[in-house]
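Structural features, examined
Chain residues, written in single-letter form:
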Amino acid sequence: MQNKSKPQSVISGAKPRERLTDRKRASIVQAAVEAFQQYGYFGASMNAIADAASVSKRTLYNHFDSKEALFDAILEELKVRVEQLPKCEFDDSRDLAEQLTELAQSEIDFFTSEEVQAFSRAGLSRVLGEPDAGQQVDPRFFIRRVTTWMKKAQVSGCLLEADAEFAAMQFVGLLRTFAFWPTIVHGEPPPSRRKRNQIVSHTVEMFLSRYAVN
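Computed from a predicted model, the values in this text were never measured in an experiment.

Turning our eyes to something else, we now look at helix H10 (residues 193-211). Three- or four-residue spacings in an α-helix give side chains the same orientation, since the helix completes a turn every 3.6 residues. If you check H10, its first and last C-alpha atoms are 26 Å apart, about what 19 residues at 1.5 Å a residue would give, namely 27 Å. Within H10, the full set of buried residues consists of Arg-196, Ile-199, Val-200, Thr-203, Val-204, Phe-207, Leu-208 and Tyr-211. Buried residues of H10, viewed axially, fall in a sector of 150°; they line one side. Looking at H10, the residues exposed on the side facing more than 90 degrees away from the buried face are Arg-194, Glu-205, Met-206 and Ser-209. Check the buried side of H10 and you find it contacts helix H5 (96-111), helix H7 (144-155) and helix H8 (164-179).

Between H5 and H8, the shortest axis-to-axis distance is 10 Å and the interhelical angle comes to 45°. As judged from the angle between their axes, H5 and H8 are oblique. Note on packing geometry: the crossing formed by H5 with H8 is right-handed. From H5, Leu-100, Leu-103, Ala-104, Glu-107, Ile-108 and Phe-111 reach across to H8, where they touch Phe-171, Val-172, Leu-175, Arg-176 and Ala-179. Of the residues contributing to the contact of H5 with H8, the split by class is nine nonpolar, no polar and two charged.

Here the focus is H7. Helix length check: H7 (twelve residues) gives 17 Å between terminal C-alpha atoms against 16 Å at 1.5 Å per residue, within 8%. The elements touched by buried residues of H7 are H5, H8 and H10. Positive backbone phi, approximately 90°, marks Gly-157, located one or two places after H7.

Structurally, Thr-21 can be placed in helix H1 (residues 20-39). Residue Thr-21 is classed as partly exposed on the basis of its relative accessible area of 40%. Residues Thr-21 and Phe-42, 21 residues apart in the sequence, show an inter-C-alpha distance of 27 Å.

A separate point is the packing of aromatic side chains. Using the criterion set out here, one finds nine aromatic pairs in the structure. With a centroid separation of 5.0 Å and an interplanar angle of 90°, the aromatic rings of Tyr-41 and Phe-42 are classed as edge-to-face. What makes Tyr-41 buried here is its relative accessible area of 3%. Aromatic side chains Tyr-41 and Phe-71 sit 6.2 Å apart centroid to centroid with 75° between the ring planes, which places their arrangement in the edge-to-face category. You can see Tyr-41 sitting in the loop between H1 and helix H2 (46-53) and its partner Phe-71 sitting in helix H4 (residues 67-83), a full 30 residues away along the chain. For the pair shown, Tyr-41 and Phe-71 are each scored as buried. Through pairs of rings, three or more aromatic residues link up here, namely Phe-36, Tyr-41, Phe-42 and Phe-71. Between the NZ or CZ atom of Arg-126 and the centre of the ring of Phe-71, over which it lies, the distance is 4.6 Å.

For the rest of this paragraph, the subject is unusual backbone geometry. Phi is positive for Ser-54, close to 60°, though the residue is something other than glycine. Locating Ser-54 in the fold gives a position in the loop between H2 and helix H3 (57-63).

With 64 residues, the main nonpolar core has Phe-36, Ile-49, Leu-100, Trp-149, Met-150 and Phe-171 as its most contacted residues. Taken together, the elements giving at least two residues each to this core come down to H1, H2, H4, H5, helix H6 (114-127), H7, H8 and H10. Those residues in contact with Leu-100 that lie beyond four places of it in its chain are Trp-149, Met-150, Phe-171, Val-204, Phe-207 and Leu-208.

Thresholds, definitions, all that
- Residues numbered from 1 in each chain as written.
- Predicted model: local features only at pLDDT ≥ 70, side-chain atom pairs only at ≥ 80, totals over all residues.
- Heavy atoms only, no water.
- Helix = DSSP H or I, 4+ residues; strand = E, 2+ residues; numbered from the N terminus.
- Expected span 1.5 Å × (residues − 1).
- Buried < 20%, exposed > 50% of the residue type's maximum accessible area, 1.4 Å probe, protein only.
- Arc of directions from axis to C-beta.
- Contact = heavy atoms within 4.5 Å.
- Axes fitted to C-alpha atoms, helices over the stretch in contact; angles between N-to-C directions.
- Parallel < 35°, antiparallel > 145°, perpendicular 65-115°, else oblique.
- Left-handed = near helix turned anticlockwise from the far one by under 90°.
- Nonpolar A, V, L, I, M, F, W, Y, C, P; charged D, E, K, R; others polar.
- Phe/Tyr/Trp six-rings, centres within 6.5 Å; stacked < 30°, edge-to-face > 60°.
- Lys NZ or Arg CZ within 6 Å of the ring centre and 35° of its normal.
- Core = buried A, V, L, I, M, F, W, Y, C linked by side-chain atoms within 4.5 Å.

This is the structure:
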């Protein structure tokens, strides 16, 4: 795996009075994210993760008994970020393309963020070498809010009746193809704002040409 620049903090939102054990756990997960990015899941050692987190091996194993447990924790942190995304409520009084554009922009802003990129690289470093681990990741969870929006748009009569989950996966998949995977897999820089707007514009246009009710 390529040595990626270290994110300032991939575990954010700590409270001033947060328990010491919670802070140590967060520090360990952050150290694991950085180690998995730099050395790959299989190349990273528990000893190195403990050193990076400035904790003893005993403390590390008190929180996580294996790298598999750390992988699970990284997935959970990524899910937390998804759940923190603002709700996207369909509004039948607003222009459909305008709403889809806002939805697409929020998706791109999310998966091009430094935190999500770091979590994704860390998780992918295991999945590439151990495909069965990918079965722990339910792709439907990560498009749930878009799926909900699609269903409401269909009920309102603005979108054609179809599999809303499949439509959501198509919509988000188009965005990720150009704004997420090139950075994660090929090490390209995140797309500029101008490029993001172009990706969003073309995605919305293609999606509406298939699903919009004329």
